[in-house]
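Notes for the structure review
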Amino acid sequence: MKAKKNVFFLLLLSLMLVLSACSGGNSSTPTNGNTNAGSGDGEEVAGQEGGELVYVVPSDAPTLDPHGMNDTATTNVTTQLFDRLTAYEADGTVIPSLAESWEAVDETTWEFKLRDDVKFHDGTDFTADAVKMTIERIIDPEFASPRAVVLNMITEVVVVDDYTVQFKTEKPFAPLPAHLAHNAGSIIAPSAIEEENNGGKKVDENPVGTGPFVFGSWNRGAEIVLNKNENYWNGAPALDSVKFVVNAEQSTRVAQLEAGEAHVIQVGASDVARVEGLESAGIELTRVRGTRMDYLGFNMEKEPFNIKEVRQAISMAINKNDIVDGILDGQGVPAVGPLAPTVVGNYQDLEPLGYDVEAAKALLAEAGFEDGFETTLFVNEGSKERADIALLAQDQLSKIGIKVNIETIEWGAFLEKTGAGEHELFILGWTTVTADADYGLYALFHSSAFGAPGNRSFYANDRVDELLDLARSETDQAKRDEAYKEISEILVDEAPMVYLQHPDFIYGTNGANGLFVDFSGTPYFHGVKLN
(Lines give C-alpha, C1' and ligand atoms only; values in the text may rest on other atoms or scores of the structure.)
Protein backbone atom coordinates (compact mmCIF):
# COMPACT_ATOMS: atom_id res chain seq x y z
CA MET A 1 0.00 0.00 0.00
CA LYS A 2 1.37 3.43 -0.89
CA ALA A 3 1.89 6.08 1.75
CA LYS A 4 1.48 9.88 1.76
CA LYS A 5 3.35 12.25 4.08
CA ASN A 6 0.48 13.71 6.03
CA VAL A 7 -1.44 13.06 9.22
CA PHE A 8 -4.15 11.04 7.51
CA PHE A 9 -1.75 8.42 6.24
CA LEU A 10 0.16 8.30 9.50
CA LEU A 11 -3.17 7.58 11.16
CA LEU A 12 -3.88 4.81 8.68
CA LEU A 13 -0.51 3.19 9.37
CA SER A 14 -0.95 3.45 13.12
CA LEU A 15 -4.48 2.08 12.90
CA MET A 16 -3.30 -0.98 11.00
CA LEU A 17 -0.48 -1.56 13.49
CA VAL A 18 -2.87 -1.29 16.42
CA LEU A 19 -5.26 -3.71 14.73
CA SER A 20 -2.39 -6.16 14.46
CA ALA A 21 -1.33 -5.68 18.08
CA CYS A 22 -4.76 -5.71 19.68
CA SER A 23 -6.75 -8.34 17.85
CA GLY A 24 -6.99 -11.89 19.18
CA GLY A 25 -5.07 -14.53 17.27
CA ASN A 26 -6.00 -18.08 16.39
CA SER A 27 -4.18 -20.22 18.90
CA SER A 28 -4.69 -23.63 17.34
CA THR A 29 -4.88 -23.23 13.58
CA PRO A 30 -2.23 -22.15 11.07
CA THR A 31 -3.11 -18.92 9.33
CA ASN A 32 -2.89 -20.62 5.96
CA GLY A 33 -6.34 -21.98 6.74
CA ASN A 34 -7.54 -18.54 5.67
CA THR A 35 -6.48 -18.89 2.07
CA ASN A 36 -9.85 -17.42 1.21
CA ALA A 37 -8.48 -14.19 2.58
CA GLY A 38 -5.16 -14.48 0.79
CA SER A 39 -3.07 -15.25 3.85
CA GLY A 40 -0.66 -18.11 4.20
CA ASP A 41 2.48 -19.20 5.97
CA GLY A 42 3.38 -21.98 3.53
CA GLU A 43 2.49 -24.78 5.92
CA GLU A 44 0.82 -27.76 4.24
CA VAL A 45 -2.46 -28.90 5.81
CA ALA A 46 -2.62 -32.64 6.42
CA GLY A 47 -5.54 -34.60 5.01
CA GLN A 48 -7.12 -35.90 1.86
CA GLU A 49 -8.70 -34.36 -1.21
CA GLY A 50 -12.46 -34.49 -1.50
CA GLY A 51 -15.26 -35.37 0.87
CA GLU A 52 -18.10 -33.44 2.45
CA LEU A 53 -17.51 -31.47 5.65
CA VAL A 54 -20.46 -31.39 8.04
CA TYR A 55 -20.76 -28.23 10.12
CA VAL A 56 -23.57 -28.51 12.68
CA VAL A 57 -25.02 -25.12 13.61
CA PRO A 58 -27.62 -23.95 16.14
CA SER A 59 -29.79 -22.07 13.64
CA ASP A 60 -30.40 -21.70 9.93
CA ALA A 61 -29.27 -18.60 8.08
CA PRO A 62 -32.22 -16.20 7.73
CA THR A 63 -30.93 -15.28 4.26
CA LEU A 64 -28.11 -16.02 1.83
CA ASP A 65 -28.02 -12.39 0.72
CA PRO A 66 -24.93 -10.89 2.40
CA HIS A 67 -26.71 -7.52 2.46
CA GLY A 68 -29.97 -8.94 3.76
CA MET A 69 -29.38 -9.48 7.48
CA ASN A 70 -26.76 -8.47 10.03
CA ASP A 71 -26.35 -11.73 11.91
CA THR A 72 -23.83 -14.49 12.54
CA ALA A 73 -25.72 -17.34 10.86
CA THR A 74 -25.93 -15.40 7.59
CA THR A 75 -22.27 -14.38 7.81
CA ASN A 76 -21.01 -17.91 8.42
CA VAL A 77 -22.57 -19.19 5.20
CA THR A 78 -22.13 -16.21 2.90
CA THR A 79 -18.44 -15.85 3.84
CA GLN A 80 -17.86 -19.12 1.98
CA LEU A 81 -19.80 -17.95 -1.12
CA PHE A 82 -18.56 -14.40 -1.52
CA ASP A 83 -15.21 -12.63 -1.38
CA ARG A 84 -14.55 -9.04 -0.37
CA LEU A 85 -12.02 -6.50 -1.64
CA THR A 86 -10.00 -6.86 1.55
CA ALA A 87 -9.77 -9.49 4.28
CA TYR A 88 -8.48 -10.01 7.82
CA GLU A 89 -5.35 -11.92 8.72
CA ALA A 90 -5.39 -13.96 11.94
CA ASP A 91 -3.94 -11.05 13.91
CA GLY A 92 -6.51 -8.58 12.55
CA THR A 93 -4.28 -7.03 9.91
CA VAL A 94 -6.17 -5.91 6.80
CA ILE A 95 -4.80 -7.71 3.74
CA PRO A 96 -5.61 -7.92 -0.01
CA SER A 97 -8.29 -10.21 -1.37
CA LEU A 98 -10.21 -9.20 -4.53
CA ALA A 99 -8.25 -5.95 -4.40
CA GLU A 100 -4.51 -6.29 -4.95
CA SER A 101 -3.63 -2.87 -3.46
CA TRP A 102 -5.16 0.40 -2.36
CA GLU A 103 -4.20 3.94 -1.57
CA ALA A 104 -5.86 7.05 -0.22
CA VAL A 105 -5.69 9.56 -3.10
CA ASP A 106 -6.81 12.34 -0.77
CA GLU A 107 -8.60 12.54 2.57
CA THR A 108 -11.98 11.61 1.04
CA THR A 109 -10.97 9.36 -1.87
CA TRP A 110 -9.71 5.79 -1.76
CA GLU A 111 -8.51 3.99 -4.89
CA PHE A 112 -8.44 0.19 -5.16
CA LYS A 113 -6.63 -1.84 -7.81
CA LEU A 114 -8.51 -5.09 -8.49
CA ARG A 115 -7.40 -8.57 -9.48
CA ASP A 116 -7.89 -9.27 -13.19
CA ASP A 117 -8.06 -13.09 -12.95
CA VAL A 118 -11.30 -13.58 -11.02
CA LYS A 119 -14.60 -14.96 -12.28
CA PHE A 120 -17.99 -15.15 -10.63
CA HIS A 121 -19.65 -18.53 -10.15
CA ASP A 122 -21.70 -17.92 -13.31
CA GLY A 123 -18.50 -17.57 -15.39
CA THR A 124 -18.68 -13.78 -15.81
CA ASP A 125 -15.68 -11.56 -15.11
CA PHE A 126 -15.15 -9.75 -11.84
CA THR A 127 -14.58 -6.06 -12.68
CA ALA A 128 -14.89 -2.59 -11.21
CA ASP A 129 -18.45 -2.39 -12.58
CA ALA A 130 -19.39 -5.33 -10.34
CA VAL A 131 -17.89 -3.56 -7.33
CA LYS A 132 -19.82 -0.40 -8.15
CA MET A 133 -23.10 -2.28 -8.52
CA THR A 134 -22.62 -4.15 -5.23
CA ILE A 135 -21.63 -1.15 -3.11
CA GLU A 136 -24.34 1.07 -4.58
CA ARG A 137 -26.86 -1.65 -3.76
CA ILE A 138 -25.95 -1.86 -0.07
CA ILE A 139 -25.85 1.90 0.51
CA ASP A 140 -29.07 2.57 -1.42
CA PRO A 141 -31.64 3.90 1.12
CA GLU A 142 -34.45 2.33 -0.89
CA PHE A 143 -32.87 -1.10 -0.60
CA ALA A 144 -32.63 -0.47 3.17
CA SER A 145 -29.96 -3.06 3.94
CA PRO A 146 -29.55 -3.70 7.68
CA ARG A 147 -25.82 -3.68 6.95
CA ALA A 148 -25.73 -0.31 5.19
CA VAL A 149 -24.25 1.24 8.33
CA VAL A 150 -21.00 -0.64 7.61
CA LEU A 151 -20.40 1.22 4.32
CA ASN A 152 -22.76 4.21 4.27
CA MET A 153 -19.84 6.60 4.72
CA ILE A 154 -19.30 6.00 0.97
CA THR A 155 -21.08 8.67 -1.06
CA GLU A 156 -19.94 7.73 -4.56
CA VAL A 157 -18.33 4.80 -6.39
CA VAL A 158 -16.27 5.76 -9.45
CA VAL A 159 -15.12 3.23 -12.06
CA VAL A 160 -11.71 4.42 -13.29
CA ASP A 161 -11.17 1.45 -15.59
CA ASP A 162 -12.06 -2.25 -15.63
CA TYR A 163 -9.81 -3.02 -12.69
CA THR A 164 -9.61 0.27 -10.80
CA VAL A 165 -12.34 1.68 -8.59
CA GLN A 166 -12.53 4.72 -6.32
CA PHE A 167 -14.67 5.30 -3.24
CA LYS A 168 -15.62 8.85 -2.30
CA THR A 169 -16.56 9.63 1.29
CA GLU A 170 -18.21 12.79 2.57
CA LYS A 171 -15.57 13.09 5.30
CA PRO A 172 -12.24 11.35 5.92
CA PHE A 173 -12.72 7.75 7.04
CA ALA A 174 -9.46 5.98 7.83
CA PRO A 175 -10.94 2.52 8.66
CA LEU A 176 -12.54 2.07 5.20
CA PRO A 177 -10.23 -0.82 4.12
CA ALA A 178 -11.18 -2.65 7.33
CA HIS A 179 -14.89 -1.99 6.77
CA LEU A 180 -14.67 -3.38 3.25
CA ALA A 181 -13.41 -6.66 4.73
CA HIS A 182 -16.70 -6.98 6.64
CA ASN A 183 -19.15 -9.53 5.23
CA ALA A 184 -21.33 -6.56 4.20
CA GLY A 185 -18.69 -5.81 1.56
CA SER A 186 -19.26 -9.18 -0.16
CA ILE A 187 -19.20 -8.66 -3.93
CA ILE A 188 -22.28 -10.05 -5.69
CA ALA A 189 -22.37 -10.98 -9.39
CA PRO A 190 -24.10 -8.30 -11.49
CA SER A 191 -26.19 -11.04 -13.10
CA ALA A 192 -27.74 -11.92 -9.72
CA ILE A 193 -28.47 -8.29 -8.87
CA GLU A 194 -29.94 -7.64 -12.31
CA GLU A 195 -32.16 -10.72 -12.08
CA GLU A 196 -33.47 -9.54 -8.72
CA ASN A 197 -34.05 -6.01 -10.05
CA ASN A 198 -35.95 -7.44 -13.04
CA GLY A 199 -38.36 -9.37 -10.84
CA GLY A 200 -36.63 -12.76 -11.04
CA LYS A 201 -34.95 -14.72 -8.28
CA LYS A 202 -33.72 -12.64 -5.36
CA VAL A 203 -30.07 -12.81 -4.32
CA ASP A 204 -31.28 -14.75 -1.28
CA GLU A 205 -32.24 -17.60 -3.65
CA ASN A 206 -29.47 -16.97 -6.17
CA PRO A 207 -26.30 -16.13 -4.21
CA VAL A 208 -23.66 -15.79 -6.94
CA GLY A 209 -20.25 -14.65 -5.74
CA THR A 210 -16.57 -15.32 -6.38
CA GLY A 211 -15.91 -17.37 -3.24
CA PRO A 212 -14.34 -20.81 -2.83
CA PHE A 213 -17.74 -22.50 -2.63
CA VAL A 214 -20.79 -22.37 -4.89
CA PHE A 215 -24.40 -22.53 -3.74
CA GLY A 216 -25.80 -26.04 -4.04
CA SER A 217 -29.11 -26.46 -2.21
CA TRP A 218 -31.08 -25.13 0.75
CA ASN A 219 -33.68 -27.05 2.71
CA ARG A 220 -34.78 -24.13 4.83
CA GLY A 221 -34.64 -24.79 8.53
CA ALA A 222 -32.67 -28.00 8.03
CA GLU A 223 -29.52 -27.76 5.90
CA ILE A 224 -27.54 -25.80 3.34
CA VAL A 225 -25.11 -27.47 0.92
CA LEU A 226 -22.24 -25.59 -0.73
CA ASN A 227 -20.12 -27.18 -3.45
CA LYS A 228 -16.48 -26.72 -4.43
CA ASN A 229 -15.69 -23.85 -6.79
CA GLU A 230 -13.38 -25.69 -9.18
CA ASN A 231 -12.27 -22.40 -10.76
CA TYR A 232 -11.59 -20.43 -7.59
CA TRP A 233 -9.01 -17.73 -8.21
CA ASN A 234 -7.05 -18.62 -5.08
CA GLY A 235 -7.03 -22.37 -5.71
CA ALA A 236 -9.93 -24.81 -5.51
CA PRO A 237 -10.80 -26.10 -2.03
CA ALA A 238 -9.79 -29.64 -1.11
CA LEU A 239 -13.36 -30.34 0.07
CA ASP A 240 -16.01 -31.38 -2.44
CA SER A 241 -18.71 -29.73 -0.36
CA VAL A 242 -19.69 -28.19 2.97
CA LYS A 243 -23.00 -29.04 4.58
CA PHE A 244 -24.48 -26.73 7.24
CA VAL A 245 -26.81 -28.90 9.34
CA VAL A 246 -29.20 -27.22 11.78
CA ASN A 247 -29.59 -28.64 15.29
CA ALA A 248 -30.91 -26.31 17.97
CA GLU A 249 -29.86 -28.57 20.87
CA GLN A 250 -26.39 -27.65 22.06
CA SER A 251 -25.74 -30.88 23.96
CA THR A 252 -26.74 -32.87 20.87
CA ARG A 253 -24.30 -30.91 18.72
CA VAL A 254 -21.50 -31.89 21.09
CA ALA A 255 -22.63 -35.52 20.93
CA GLN A 256 -22.59 -35.34 17.14
CA LEU A 257 -19.02 -34.05 17.22
CA GLU A 258 -18.01 -36.83 19.60
CA ALA A 259 -19.64 -39.47 17.40
CA GLY A 260 -18.03 -38.14 14.24
CA GLU A 261 -21.39 -37.10 12.77
CA ALA A 262 -20.13 -33.51 12.78
CA HIS A 263 -16.69 -32.41 11.65
CA VAL A 264 -17.06 -28.91 13.09
CA ILE A 265 -19.21 -27.20 15.73
CA GLN A 266 -18.92 -24.00 17.69
CA VAL A 267 -18.52 -25.13 21.28
CA GLY A 268 -20.51 -23.38 23.96
CA ALA A 269 -18.43 -22.23 26.91
CA SER A 270 -20.28 -24.54 29.28
CA ASP A 271 -19.25 -27.55 27.15
CA VAL A 272 -15.55 -26.73 26.79
CA ALA A 273 -14.46 -28.98 29.64
CA ARG A 274 -16.45 -31.86 28.17
CA VAL A 275 -14.89 -31.41 24.73
CA GLU A 276 -11.40 -31.00 26.21
CA GLY A 277 -11.86 -34.46 27.68
CA LEU A 278 -12.30 -35.81 24.16
CA GLU A 279 -8.98 -34.54 22.79
CA SER A 280 -7.40 -37.95 23.19
CA ALA A 281 -10.01 -39.22 20.70
CA GLY A 282 -8.75 -36.81 18.05
CA ILE A 283 -11.11 -33.91 18.76
CA GLU A 284 -9.33 -30.57 18.73
CA LEU A 285 -10.27 -27.12 20.04
CA THR A 286 -9.59 -23.79 18.33
CA ARG A 287 -9.79 -20.78 20.67
CA VAL A 288 -9.90 -17.14 19.62
CA ARG A 289 -9.95 -14.13 21.94
CA GLY A 290 -12.44 -12.09 20.00
CA THR A 291 -14.12 -8.70 19.73
CA ARG A 292 -17.61 -9.72 20.81
CA MET A 293 -19.78 -8.18 23.53
CA ASP A 294 -22.82 -10.05 24.83
CA TYR A 295 -25.54 -7.98 26.41
CA LEU A 296 -29.00 -7.83 27.90
CA GLY A 297 -30.81 -5.12 25.97
CA PHE A 298 -33.75 -2.87 26.80
CA ASN A 299 -36.39 -1.51 24.47
CA MET A 300 -36.20 2.13 25.52
CA GLU A 301 -39.38 2.95 23.63
CA LYS A 302 -41.39 0.86 26.12
CA GLU A 303 -42.12 1.71 29.72
CA PRO A 304 -40.54 1.43 32.20
CA PHE A 305 -37.30 0.97 30.25
CA ASN A 306 -37.42 4.59 29.13
CA ILE A 307 -36.45 5.47 32.72
CA LYS A 308 -32.70 5.54 33.34
CA GLU A 309 -32.96 4.52 37.00
CA VAL A 310 -34.85 1.36 36.04
CA ARG A 311 -32.16 0.40 33.53
CA GLN A 312 -29.42 1.17 36.04
CA ALA A 313 -31.17 -0.91 38.68
CA ILE A 314 -31.35 -3.93 36.38
CA SER A 315 -27.69 -3.47 35.48
CA MET A 316 -26.71 -3.42 39.15
CA ALA A 317 -28.83 -6.46 40.02
CA ILE A 318 -27.04 -8.82 37.60
CA ASN A 319 -23.73 -10.30 38.72
CA LYS A 320 -21.49 -10.55 35.65
CA ASN A 321 -18.92 -12.66 37.49
CA ASP A 322 -21.59 -15.32 38.00
CA ILE A 323 -21.96 -15.43 34.22
CA VAL A 324 -18.26 -15.58 33.34
CA ASP A 325 -17.09 -17.86 36.13
CA GLY A 326 -20.21 -20.00 36.28
CA ILE A 327 -22.07 -20.18 32.99
CA LEU A 328 -19.04 -19.53 30.74
CA ASP A 329 -16.66 -21.52 32.94
CA GLY A 330 -14.09 -18.73 32.66
CA GLN A 331 -14.14 -18.64 28.84
CA GLY A 332 -14.25 -14.84 28.56
CA VAL A 333 -14.04 -11.65 30.62
CA PRO A 334 -16.70 -9.49 32.32
CA ALA A 335 -17.58 -6.34 30.38
CA VAL A 336 -17.07 -2.89 31.90
CA GLY A 337 -18.60 -1.21 28.86
CA PRO A 338 -19.60 -1.89 25.26
CA LEU A 339 -16.15 -2.49 23.72
CA ALA A 340 -13.96 -5.55 24.15
CA PRO A 341 -10.31 -5.03 25.18
CA THR A 342 -9.27 -6.26 21.69
CA VAL A 343 -11.04 -3.37 19.90
CA VAL A 344 -9.09 -0.32 18.72
CA GLY A 345 -10.46 2.72 20.57
CA ASN A 346 -11.71 0.79 23.59
CA TYR A 347 -11.50 2.40 27.03
CA GLN A 348 -11.33 -0.11 29.87
CA ASP A 349 -10.81 2.29 32.80
CA LEU A 350 -14.54 2.89 33.11
CA GLU A 351 -16.41 2.89 36.39
CA PRO A 352 -19.11 0.34 35.65
CA LEU A 353 -22.42 0.09 37.44
CA GLY A 354 -21.27 -2.46 39.99
CA TYR A 355 -23.24 -5.38 41.37
CA ASP A 356 -25.24 -3.96 44.29
CA VAL A 357 -28.69 -5.39 45.05
CA GLU A 358 -29.61 -2.87 47.76
CA ALA A 359 -28.64 0.09 45.59
CA ALA A 360 -30.66 -1.44 42.74
CA LYS A 361 -33.74 -1.66 45.00
CA ALA A 362 -33.29 2.00 45.98
CA LEU A 363 -33.08 3.05 42.33
CA LEU A 364 -36.28 1.16 41.51
CA ALA A 365 -38.06 2.84 44.39
CA GLU A 366 -36.77 6.23 43.23
CA ALA A 367 -38.23 5.50 39.80
CA GLY A 368 -41.62 4.69 41.32
CA PHE A 369 -41.38 0.90 41.24
CA GLU A 370 -40.79 0.05 44.89
CA ASP A 371 -42.87 -3.12 44.43
CA GLY A 372 -41.21 -4.00 41.15
CA PHE A 373 -43.00 -4.98 37.93
CA GLU A 374 -43.41 -7.83 35.43
CA THR A 375 -41.68 -8.08 32.06
CA THR A 376 -40.73 -10.51 29.28
CA LEU A 377 -37.22 -11.44 28.19
CA PHE A 378 -36.62 -12.73 24.64
CA VAL A 379 -33.85 -15.28 24.08
CA ASN A 380 -33.07 -17.15 20.86
CA GLU A 381 -33.05 -20.91 20.39
CA GLY A 382 -29.81 -22.82 20.04
CA SER A 383 -27.61 -21.34 22.77
CA LYS A 384 -27.45 -23.05 26.15
CA GLU A 385 -25.33 -20.16 27.46
CA ARG A 386 -27.92 -17.53 26.55
CA ALA A 387 -30.68 -19.71 27.98
CA ASP A 388 -28.69 -20.05 31.21
CA ILE A 389 -28.00 -16.30 31.31
CA ALA A 390 -31.74 -15.70 30.92
CA LEU A 391 -32.46 -17.98 33.87
CA LEU A 392 -29.78 -16.27 35.96
CA ALA A 393 -31.22 -12.84 35.10
CA GLN A 394 -34.70 -14.10 35.96
CA ASP A 395 -33.46 -15.25 39.38
CA GLN A 396 -31.33 -12.22 40.20
CA LEU A 397 -33.94 -9.68 39.07
CA SER A 398 -36.56 -11.40 41.23
CA LYS A 399 -34.49 -10.26 44.23
CA ILE A 400 -35.32 -6.64 43.40
CA GLY A 401 -38.98 -7.35 42.73
CA ILE A 402 -38.91 -7.76 38.94
CA LYS A 403 -40.75 -10.82 37.64
CA VAL A 404 -39.19 -11.95 34.34
CA ASN A 405 -41.01 -14.23 31.93
CA ILE A 406 -38.67 -15.91 29.44
CA GLU A 407 -39.76 -16.42 25.84
CA THR A 408 -37.52 -18.59 23.65
CA ILE A 409 -37.79 -17.77 19.94
CA GLU A 410 -36.42 -19.22 16.71
CA TRP A 411 -33.43 -17.20 15.44
CA GLY A 412 -34.98 -15.60 12.35
CA ALA A 413 -38.16 -14.67 14.21
CA PHE A 414 -36.05 -13.35 17.11
CA LEU A 415 -34.21 -10.99 14.77
CA GLU A 416 -37.44 -9.83 13.14
CA LYS A 417 -39.21 -9.18 16.45
CA THR A 418 -36.33 -7.32 18.09
CA GLY A 419 -35.68 -5.39 14.87
CA ALA A 420 -39.31 -4.30 14.83
CA GLY A 421 -39.28 -3.31 18.51
CA GLU A 422 -41.71 -5.99 19.67
CA HIS A 423 -39.57 -6.83 22.70
CA GLU A 424 -39.09 -5.49 26.21
CA LEU A 425 -35.85 -7.24 27.24
CA PHE A 426 -33.62 -9.42 25.07
CA ILE A 427 -30.24 -11.16 25.15
CA LEU A 428 -27.97 -10.79 22.13
CA GLY A 429 -24.36 -10.18 21.15
CA TRP A 430 -22.47 -7.78 18.92
CA THR A 431 -19.12 -8.56 17.35
CA THR A 432 -16.90 -5.67 16.30
CA VAL A 433 -15.96 -7.35 13.04
CA THR A 434 -13.63 -4.54 11.92
CA ALA A 435 -11.85 -4.45 15.32
CA ASP A 436 -12.39 -0.66 15.28
CA ALA A 437 -14.63 1.19 17.76
CA ASP A 438 -16.67 2.81 15.00
CA TYR A 439 -18.28 -0.50 14.11
CA GLY A 440 -18.50 -1.52 17.76
CA LEU A 441 -20.55 1.56 18.68
CA TYR A 442 -22.14 3.23 15.65
CA ALA A 443 -24.66 0.56 14.71
CA LEU A 444 -25.58 -0.20 18.33
CA PHE A 445 -26.08 3.34 19.58
CA HIS A 446 -26.48 5.88 16.75
CA SER A 447 -30.07 7.05 16.37
CA SER A 448 -29.93 6.47 12.60
CA ALA A 449 -29.50 2.71 13.17
CA PHE A 450 -32.76 1.87 14.95
CA GLY A 451 -33.89 -1.74 14.68
CA ALA A 452 -32.35 -4.29 12.32
CA PRO A 453 -29.09 -2.36 11.61
CA GLY A 454 -28.14 -2.87 15.26
CA ASN A 455 -29.76 -0.34 17.61
CA ARG A 456 -32.40 -2.70 18.96
CA SER A 457 -32.45 -0.71 22.20
CA PHE A 458 -33.86 2.25 20.21
CA TYR A 459 -31.42 4.46 22.08
CA ALA A 460 -31.06 8.10 21.04
CA ASN A 461 -28.69 10.66 22.50
CA ASP A 462 -27.71 13.81 20.59
CA ARG A 463 -24.26 14.00 22.21
CA VAL A 464 -23.51 10.35 21.44
CA ASP A 465 -24.63 10.88 17.82
CA GLU A 466 -22.39 13.94 17.57
CA LEU A 467 -19.36 12.11 18.98
CA LEU A 468 -19.90 9.04 16.81
CA ASP A 469 -20.11 11.20 13.70
CA LEU A 470 -17.02 13.15 14.79
CA ALA A 471 -14.97 10.02 15.45
CA ARG A 472 -15.88 8.67 12.01
CA SER A 473 -14.28 11.60 10.25
CA GLU A 474 -11.46 12.44 12.67
CA THR A 475 -7.96 11.68 11.36
CA ASP A 476 -6.19 11.93 14.71
CA GLN A 477 -6.43 8.58 16.52
CA ALA A 478 -5.88 10.23 19.91
CA LYS A 479 -8.90 12.47 19.31
CA ARG A 480 -10.93 9.48 18.17
CA ASP A 481 -9.96 7.69 21.39
CA GLU A 482 -11.13 10.69 23.45
CA ALA A 483 -14.47 10.67 21.66
CA TYR A 484 -14.93 6.95 22.25
CA LYS A 485 -13.95 7.39 25.90
CA GLU A 486 -16.68 10.01 26.41
CA ILE A 487 -19.20 7.88 24.50
CA SER A 488 -18.39 4.86 26.68
CA GLU A 489 -18.78 6.90 29.86
CA ILE A 490 -22.19 8.16 28.72
CA LEU A 491 -23.28 4.67 27.74
CA VAL A 492 -22.31 3.21 31.12
CA ASP A 493 -24.31 5.93 32.89
CA GLU A 494 -27.38 5.77 30.63
CA ALA A 495 -27.31 1.95 30.43
CA PRO A 496 -29.26 1.29 27.22
CA MET A 497 -28.15 -2.29 27.81
CA VAL A 498 -26.42 -4.40 30.44
CA TYR A 499 -22.89 -5.04 29.12
CA LEU A 500 -22.40 -8.62 30.23
CA GLN A 501 -19.19 -10.21 28.96
CA HIS A 502 -16.72 -10.63 26.12
CA PRO A 503 -16.72 -14.36 25.35
CA ASP A 504 -14.02 -16.34 23.59
CA PHE A 505 -14.85 -18.04 20.29
CA ILE A 506 -14.28 -21.78 20.59
CA TYR A 507 -14.62 -24.34 17.81
CA GLY A 508 -14.32 -28.10 18.00
CA THR A 509 -13.17 -30.23 15.06
CA ASN A 510 -13.23 -33.99 14.56
CA GLY A 511 -11.59 -35.46 11.48
CA ALA A 512 -10.85 -32.10 9.87
CA ASN A 513 -7.68 -30.02 9.66
CA GLY A 514 -6.90 -26.46 8.61
CA LEU A 515 -9.92 -24.62 10.03
CA PHE A 516 -9.32 -20.88 10.26
CA VAL A 517 -11.44 -18.73 12.60
CA ASP A 518 -11.00 -14.97 12.54
CA PHE A 519 -11.28 -12.62 15.51
CA SER A 520 -15.00 -12.10 14.81
CA GLY A 521 -15.60 -15.83 15.23
CA THR A 522 -16.24 -16.50 11.52
CA PRO A 523 -15.00 -19.89 10.25
CA TYR A 524 -13.35 -20.31 6.83
CA PHE A 525 -13.48 -23.70 5.11
CA HIS A 526 -11.39 -23.04 1.99
CA GLY A 527 -8.22 -24.47 3.55
CA VAL A 528 -9.85 -27.42 5.33
CA LYS A 529 -9.11 -31.07 4.57
CA LEU A 530 -10.75 -34.16 6.00
CA ASN A 531 -8.62 -36.90 7.56
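Residues numbered from 1 in each chain as written. Predicted model: local features only at pLDDT ≥ 70, side-chain atom pairs only at ≥ 80, totals over all residues. Heavy atoms only, no water.

A closer look at the sheet that holds strand β15 (residues 373–380)
- The strand order across the open sheet built from six strands is β14-β18-β13-β17-β15-β16, with neighbouring strands paired in mixed fashion. A single partner strand is all that each edge strand has here, and the edge strands are β14 (332–334) and β16 (402–409). Ignoring which end each strand starts from, the neighbouring axes of this sheet average 30° apart.
- Two elements, strand β13 (residues 292–298) and strand β18 (residues 497–503), share four bridges in a ladder whose sense is antiparallel. (Pairing = 2+ DSSP bridges. Helix = DSSP H or I, 4+ residues; strand = E, 2+ residues; numbered from the N terminus. Axes fitted to C-alpha atoms, helices over the stretch in contact; angles between N-to-C directions.)

Here's the deal with the confidence of the model for the protein
- Scored by pLDDT, the protein has a mean of 90; 92% of the residues are at 70 or more.
- In this model residues 1–42 is a low-confidence stretch, pLDDT under 50, and it forms 114 contacts with partners more than four residues away in sequence or in other chains. (pLDDT = per-residue confidence, 0-100. Contact = heavy atoms within 4.5 Å.)

A look at helix α2 (residues 72–81)
- The buried fraction of α2 is high, at nine of 10 residues.
- Among all positions of α2, only A73, T74, T75, N76, V77, T78, T79, Q80 and L81 are buried. (Buried < 20%, exposed > 50% of the residue type's maximum accessible area, 1.4 Å probe, protein only.)

Quick look at the nonpolar core
- Core analysis: the largest hydrophobic core is formed by 141 residues, its most contacted members being L53, L85, F112, F167, L296 and F525.
- A per-element tally of this core places helix α13 (residues 437–445) first, with seven residues.
- When near neighbours in sequence (up to four residues on either side) are disregarded, L85 contacts P96, S97, L98, A99, F112, L114, F126, V131, F167, L180 and I187.
- Counting 14 residues, the second largest nonpolar core, distinct from the first, contains V54, V254, A262 and V267. (Core = buried A, V, L, I, M, F, W, Y, C linked by side-chain atoms within 4.5 Å.)

Structural notes on empty space enclosed by the protein
- The full count for this structure, using the stated rule, is two cavities of 30 Å³ or more.
- If you add up the space inside the second largest cavity, you get close to 70 Å³.
- Counting residues per element, the lining of the second largest cavity draws most heavily on β18, which supplies three residues.
- For the lining of the second largest cavity, a count of residues per class yields eight nonpolar, one polar and one charged. (1 Å grid on protein atoms, 1.4 Å probe; cavity = no way out; pocket = protein on both sides within 12 Å on 5 of 7 lines; lining within 4 Å. Points joined across faces, edges and corners; volume = space filled by probe spheres on them. Nonpolar A, V, L, I, M, F, W, Y, C, P; charged D, E, K, R; others polar.)

Examining the sheet that holds strand β7 (residues 164–169)
- Taken in spatial order, the four strands line up as β4-β5-β7-β6 in an open sheet, and their pairing is antiparallel. Where the open sheet ends on each side, the last strands, each with one partner, are β4 (99–106) and β6 (154–161). Across the sheet, the mean angle separating the axes of adjacent strands is 20° when strand polarity is ignored.
- One ladder, built from six bridges, connects β4 with strand β5 (residues 109–114); its direction is antiparallel. Note that in β5 the partner of S101 across the bridge is K113.
- Here helix α3 (residues 128–139) sits on the sheet in contact with β5, β6 and β7, set at roughly 170° to β6.

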